[in-house]
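# Residue-level structural notes
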Amino acid sequence: MGFGERARRVRDGRLAHGRRVAALCSCVGLYHPIGHRATLSFLAELAGPYQRHERALLRALEALEASRAVWRAEVTAYVASRVHEKRLGRRPPPPGDPPRSRMSGHWYASTPELSRRAAVHALKLWDLELGPARDLRPTPARDLRPSPARDVEPGPAVDLGPGGQGAPILAGPAATGPAPDRELGPAVDEVRALVRCCLATGGRLPAEQLAAVAGPWPPSARWPMALVASAAGLRK
């Protein structure tokens, strides 16, 4: 069952409200740009208590659909640009220009302010869930990154290079592999300090911190750093 069918169930007033909420959660299972739990929490901030009120539920679905539509438009534009570049003989993708992802720590929106709000919201949850931990390894209780895909809708196939091999667009553990199972030591304090500076300024980081966002960072730190980059307006 795809995103559209699940969205129709959310709108189906003949169903019990609980089943419609479950359908919204299924939609988020397919599209969760700032992580599954953070996406649900941000939808509640945008739309209100959708678990109890029908109007809030419909607003939450509309917000999710709007973000997904922006993502799909960006993917379509990327595919078109790759086709054009290959016709001009530029077959390898430009460095640093990967295909857009629907689960990359960035809330796709027509206004940058909404993307910033979403990233800050997700960072608050990340910082809260991390607690006093001394490493950034995910645990079942506090992993706020995108979950591995079980029923993730396939993205458009994109030719990633001269070999002509198309692949669905994925991100998070489903594409990059799980975070290494090792402690990061001082990196934890450095990451958390940058995250808390981002939270304190609402994403408006000074130049020194902006320069630090690019890293390099250990793999386990890339998810919070992706959120920081989105909050700071470094993701477009």
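Rules and cut-offs
Residues numbered from 1 in each chain as written. Predicted model: local features only at pLDDT ≥ 70, side-chain atom pairs only at ≥ 80, totals over all residues. Heavy atoms only, no water. Helix = DSSP H or I, 4+ residues; strand = E, 2+ residues; numbered from the N terminus. Buried < 20%, exposed > 50% of the residue type's maximum accessible area, 1.4 Å probe, protein only. Salt bridge = Lys/Arg side-chain N within 4 Å of Asp/Glu carboxyl O. Phe/Tyr/Trp six-rings, centres within 6.5 Å; stacked < 30°, edge-to-face > 60°. Expected span 1.5 Å × (residues − 1). Axes fitted to C-alpha atoms, helices over the stretch in contact; angles between N-to-C directions. Parallel < 35°, antiparallel > 145°, perpendicular 65-115°, else oblique. Left-handed = near helix turned anticlockwise from the far one by under 90°. Contact = heavy atoms within 4.5 Å. Nonpolar A, V, L, I, M, F, W, Y, C, P; charged D, E, K, R; others polar. pLDDT = per-residue confidence, 0-100. Polar contact = N/O pair within 3.5 Å; in protein donor to acceptor, adjacent residues only side chain to side chain.

### Points about the overall build of the chain
- Helix and strand content of the chain: 9 helices and 2 strands.
- With 236 residues in all, the chain has 44% of them scored as buried.

### With respect to the pattern of salt bridges
- Overall, the coordinates contain 10 salt bridges when judged by the stated rule.
- Salt-bridge contacts for R117 lead to E45; the nearest nitrogen and oxygen are separated by 3.0 Å. Taken together, the residues span a long stretch of sequence, with R117 in helix α5 (residues 112–130) and E45 in helix α3 (residues 36–47) at a distance of 72 residues.
- On the basis of relative accessibility, which here comes to 33%, the residue R117 falls in the partly exposed class.
- Among the residues examined, E45 registers a relative accessible area of 41% and is labelled partly exposed.
- D127 serves as the salt-bridge partner of R196, at 3.2 Å between the closest nitrogen and oxygen. Of this pair, R196 sits in helix α7 (residues 186–201) while D127 sits in helix α5, and the two are 69 residues apart along the sequence.
- Given a relative accessible area of 44%, R196 falls into the partly exposed group.
- Where salt bridges share partners, they join E5, R8 and R9 into one cluster.

### Details of helix α9 (residues 222–231)
- Counting buried residues along α9, 9 of its 10 residues qualify, which places the element largely inside the surrounding structure.
- Within α9 the residues assigned to the buried category are W223, P224, M225, A226, L227, V228, A229, S230 and A231.
- Positive phi shows up at G233, right after α9, with a value of about 80 degrees.

### A closer look at the packing of aromatic side chains
- Overall, the coordinates contain 2 aromatic pairs when judged by the stated rule.
- Centroid distance Y31 to W71: 6.0 Å. Interplanar angle 35 degrees. Geometry classified as tilted. Taken together, the residues Y31 in the loop between α2 (17–30) and α3 and W71 in helix α4 (residues 54–87) connect sequence positions 40 residues apart. Both residues of the pair, Y31 and W71, count as buried.

### Points about α4
- Taking 1.5 Å per residue as the helical rise, α4 with its 34 residues ought to reach 50 Å, and the 50 Å between its terminal C-alpha atoms agrees with that figure.
- Of the residues trailing α4, G89 is marked for its positive phi of about 90 degrees.

### Regarding the packing of α2 against α4
- Taken N-terminus to C-terminus, the directions of α2 and α4 make an angle of 15 degrees; their axes are 11 Å apart at the nearest point. By the angle class used here, α2 and α4 are roughly parallel. As for the relative orientation of α2 and α4, their crossing is left-handed in sense. Contacts from H17, R20, V21, L24, C27 and V28 in α2 reach E54, L57, L58, A60, L61 and L64 in α4.
- Among the residues forming the contact of α2 with α4, the class breakdown is 9 nonpolar, 1 polar and 2 charged.

### Considering the confidence of the model for the chain
- Per-residue pLDDT for the chain averages 79, and the proportion of residues at 70 or more is 72%.
- Predicted confidence is poor over residues 138–184, with pLDDT under 50, and the contacts of this stretch with residues over four places away or in other chains come to 109 contacts.

### Describing the environment of R52
- The topology assignment puts R52 in the loop between α3 and α4.
- The spatial distance from the C-alpha of R52 to the C-alpha of H17 is 7.7 Å, given a sequence separation of 35 residues.

### A word on the side chain of H32
- Inspection of the secondary structure assignment puts H32 in the loop between α2 and α3.
- Looking at H32, its side chain comes within polar contact range of the main-chain oxygen of V28, at 2.7 Å.

### Considering the packing of helix α1 (residues 3–11) against α2
- Two elements in contact, α1 and α2, have axes whose closest approach is 8 Å; the angle formed by their N-to-C orientations is 155 degrees. As the angle between them shows, α1 and α2 are arranged roughly antiparallel. Of the two elements, α1 crosses α2, and the hand of that crossing is left-handed. Judged by residue contacts, F3, R6, A7, R9, V10 and R11 of α1 engage R20, A23, L24, S26, C27 and L30 from α2.

### Here we look at the environment of H121
- With respect to the helices, strands and loops of the structure, H121 is situated in helix α5.
- According to the relative accessible area criterion, H121 is buried, its value standing at 12%.
- On a C-alpha basis, the gap between H121 and A231 in space is 9.3 Å, while along the polypeptide they are 110 residues apart.
- The contacts of H121, once residues within four sequence positions are left out, are A38, S41, F42 and E45.
- Among the polar contacts made by the side chain of H121, one reaches the side chain of S41 at a distance of 2.7 Å.

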